[in-house]
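Descriptive analysis of the structure
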Amino acid sequence: MLEERQERVLDAKSLRGLAHPLRIRLLGMLRTDGPATATQLANRIGERSGTTSWHLRQLAEHGFIEEDAERGNKRERWWRASHELTILEAEKFTRDPELEDALDVYMHEIVTTAYHRNGQFLSELRGWSEEWVKAATVSDSTLSLSPSELAELTRQIGSLVDWYRREPRDGDEQVVVQFQAFPRRCAR
């Protein structure tokens, strides 16, 4: 288990700075795949390096990423994520009309990313060993909970995920843990 994870709690300014689909994707790639250049990132996602470079500078300006001084040179600028995790306390922004669009873009991109990750896993299913396929799950449950019970469930699942957080070992693979828990109005 890692001692302490680095996290960034979004405020209004940083939410606005991050709320762009390409910025969210770039930050995610730097977190999951490690440091990269604008050109490398552009090639991975089919963008021009000038476009990725501009968005990387915006992410750096808002403190989400930083230059990786251990890599590159004056011609080749490497970037790395500044934090392991971004935390959105959505309740702080849902009633602010000036942040409506930024919140919508951010939330939509997070859900879209989860969808694409699930789809990628399912399309590669035959390429994984039986052991990995058996260990993985893509499932959902519907519960009847109060707001305080949902908050406690979320806290406990977060604690459990943190308990498993550690440095990679031989034989490990990166494992994506996606958790969404939200109320829905049912037809009655």
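So, a few notes on the structure that sits alongside this text. (Residues numbered from 1 in each chain as written. Predicted model: local features only at pLDDT ≥ 70, side-chain atom pairs only at ≥ 80, totals over all residues. Heavy atoms only, no water.)

Our next topic: the pattern of salt bridges. What the rule picks out here adds up to 10 salt bridges. For aspartate 68, the salt bridge identified is with arginine 80, shortest N-O distance 3.1 Å. Of this pair, aspartate 68 sits in the loop between strand 3 (65-67) and strand 4 (78-81) while arginine 80 is found in strand 4, placing the two residues 12 residues apart along the sequence. Given a relative accessible area of 3%, aspartate 68 falls into the buried group. A salt bridge links arginine 165 to aspartate 162, with the shortest nitrogen-to-oxygen separation between them at 3.1 Å. Judged by relative accessible area, aspartate 162 falls into the partly exposed class, the value being 24%. One continuous salt-bridge network, built from bridges that share partners, spans Glu66, Asp68, Arg71 and Arg80. (Salt bridge = Lys/Arg side-chain N within 4 Å of Asp/Glu carboxyl O. Helix = DSSP H or I, 4+ residues; strand = E, 2+ residues; numbered from the N terminus. Buried < 20%, exposed > 50% of the residue type's maximum accessible area, 1.4 Å probe, protein only.)

Running from N to C, helix 3 (residues 38-45) and helix 4 (residues 49-61) point in directions that differ by 120°, and their axes come no closer than 8 Å. Where helix 3 crosses over helix 4, the two elements pack in a sense that is right-handed. For the pair formed by helix 3 and helix 4, the contact residues are Ala38, Thr39, Leu41, Ala42 and Ile45 on the first element and Ser49, Thr52, Ser53 and Leu56 on the second. Within the contact of helix 3 with helix 4, the residues separate by chemical class into five nonpolar, four polar and no charged. (Axes fitted to C-alpha atoms, helices over the stretch in contact; angles between N-to-C directions. Left-handed = near helix turned anticlockwise from the far one by under 90°. Contact = heavy atoms within 4.5 Å. Nonpolar A, V, L, I, M, F, W, Y, C, P; charged D, E, K, R; others polar.)

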